[in-house]
Structures are given as C-alpha cells and as structure tokens.
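Commentary on secondary and tertiary structure
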Amino acid sequence: EQSISSRLPNGKREQISLQGSIYRDAKGRRRQDMRVVGVQGVDLAFSYIHDTVANVMYVLDGVNKTGTREEYFQSKESNTGSDLAVVPEALNSEISVEHREGLECRVYRMKIPGEIEFESWFSVELREVVFEKRVTPSEEKTIRLVNIKRVEPSSERFVIPQGYEITETKKR
C-alpha cells in the first residue's frame, strides 16, 4: 500500500493511493501488481514482471491489456528486489537494525532540516523495503508492505495473461 500526498501550487493537497501485491518465487522472479486510485478521478492498473530466469522484464497495462517486453542482463549481486537496498551515506543519517511486520530490518533515517526527512526499513530476508516514508516541503510519501505471506506463489503469476498485446523494446 502506498500513499502520496502532494501540495499543489494553489496550496491544496492532492492524495493518491496505490494498492497492490508483490510476489517472489524461489527462482528469484518478481511480480508487482498495482492499482492507482485518485489520479484526476481515473483508476489505473499495472503490473511489473521481472523474470530473472529468462532475463526479461514486462510492464503490463491492465486497463488497455497492453504491455512491453524488454530483455536485460542482471548480475546475481544486483538481485536485491529494490533500488533502496543500499542507501548512500548522507548528512545526519542513522542506520540501525529493528523489527517491523515480524521481520528483521535495516533501518535508514536521514533528516536535512527544511529539505527532507527520510526513513526506510529494508528486510534482507525478503529483499524488499517493507516501510518507507519521505517528507519534503511539497510532498509526503509513505509505502508499506502489509499482510506478508511467506509462501511460494504459483508459476502462473509470472506468465503474461491471455489477451495482452506485447511490444518489444530495445535492450538496455
């Protein structure tokens, strides 16, 4: 679940809510399904499938039943599942080990007065950020994983559903 609250130039706040699911199997494949509510009254649905076995990534548009396919190379060392697995050292940062949602997490906190407050809880076991909060003068963003279930997902989760039109994109 993710919530973003932005301050608009006219001083009003805009609230966007994202809800979804994340799946990871023993082979390292990862799927993230998201539903966005509140973007100018429009609902969006999208999925990301990172197939580390086939070295391919899909981005699927659940509303229009379209998607893109891109091949990529990924070293085993970079398979963290999150771009926040390593947080750069920063002024006034704190690093500790604490528990959240029943998981041991590396906790990163950073505060630059008047600019940003940042907190991230990263589970090494899940290779996922289980909680993150960023506060700037114009935006507050919170991400948290809830209802964590440690079960092997069906292999069907990593297959493109029938009826999708997939476009190939260039290699990175």
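Here we look at the overall build of the chain
When helices and strands are tallied, the chain shows 0 helices and 12 strands. Ordered by position in the sequence, the α and β elements of the chain form the string β-β-β-β-β-β-β-β-β-β-β-β. Across the 172 residues of the chain, 31% fall into the buried class. A sequence separation of at least 24 residues applies to 36% of the contacts in the chain between residues at least 6 apart. Of the roughly 11100 Å² of accessible surface on the chain, a fraction of 50% belongs to carbon and sulfur atoms.

Side note on the side chain of Ser 123
When you line up the elements, Ser 123 lands in strand E9 (residues 116–123). Polar side-chain contacts of Ser 123 include one of 3.4 Å to the backbone nitrogen of Glu 125. Once you skip the residues sitting within four places of it in the chain, Ser 123 turns out to touch Leu 103, Glu 104, Cys 105, Glu 128 and Val 130.

A short note on the packing of aromatic side chains
For the coordinates displayed, the defined rule picks out 1 aromatic pair. Between Phe 46 and Tyr 48, the ring centres sit 5.5 Å apart and the planes meet at 75°, which makes this aromatic pair edge-to-face. Directly above the ring of Trp 121 sits Arg 100, whose terminal nitrogen or CZ lies 5.0 Å from the centroid. Positioned over the ring face of Phe 131 is Arg 100, at 3.8 Å from the centre of the ring.

Quick look at the confidence of the model for the chain
Summary statistics for the chain give a mean pLDDT of 81 and a share of 80% for residues scoring 70 or more. Here strand E1 (residues 2–7) stands out as the element of the chain with the lowest mean pLDDT, 67, in contrast to strand E5 (residues 56–61), whose mean of 95 is the highest.

Calculation notes
Here the residue numbers are simple positions, counted from 1 along each chain's written sequence. Local features in a predicted model are, by the rule used here, given only for residues with pLDDT of at least 70; side-chain atom pairs are given and counted only at 80 or more, and totals for whole chains, interfaces and linings are based on all residues. Side-chain measures here rest on the full set of heavy atoms in the structure, leaving out hydrogens and waters. Each helix is a run of DSSP H or I of at least 4 residues and each strand a run of E of at least 2, with the numbering of both proceeding from the N terminus. Only protein chains enter the accessibility calculation, which uses a 1.4 Å probe; a residue whose area is less than 20% of its type maximum is buried, one above 50% is exposed, and one in between is partly exposed. Contact between two residues is taken to exist if any of their heavy atoms lie within 4.5 Å; hydrogens are not considered. Note that accessible areas follow from Shrake-Rupley with a 1.4 Å probe, and for residues the cover is restricted to the protein chains shown. Here a polar contact is taken to be a pair of N or O atoms separated by no more than 3.5 Å, where protein atoms must pair a possible hydrogen donor with a possible acceptor and residues adjacent in sequence count only if both atoms sit in side chains. Centre distance within 6.5 Å is the pairing criterion for rings of Phe, Tyr and Trp, where only the six-membered ring of Trp is used; planes under 30 degrees apart are then read as stacked, over 60 as edge-to-face, and the remainder as tilted. Any Lys NZ or Arg CZ found within 6 Å of a ring centre and within 35 degrees of that ring's normal is scored as a charge over the ring. Per residue, pLDDT captures the predictor's confidence, and it can take any value from 0 to 100.

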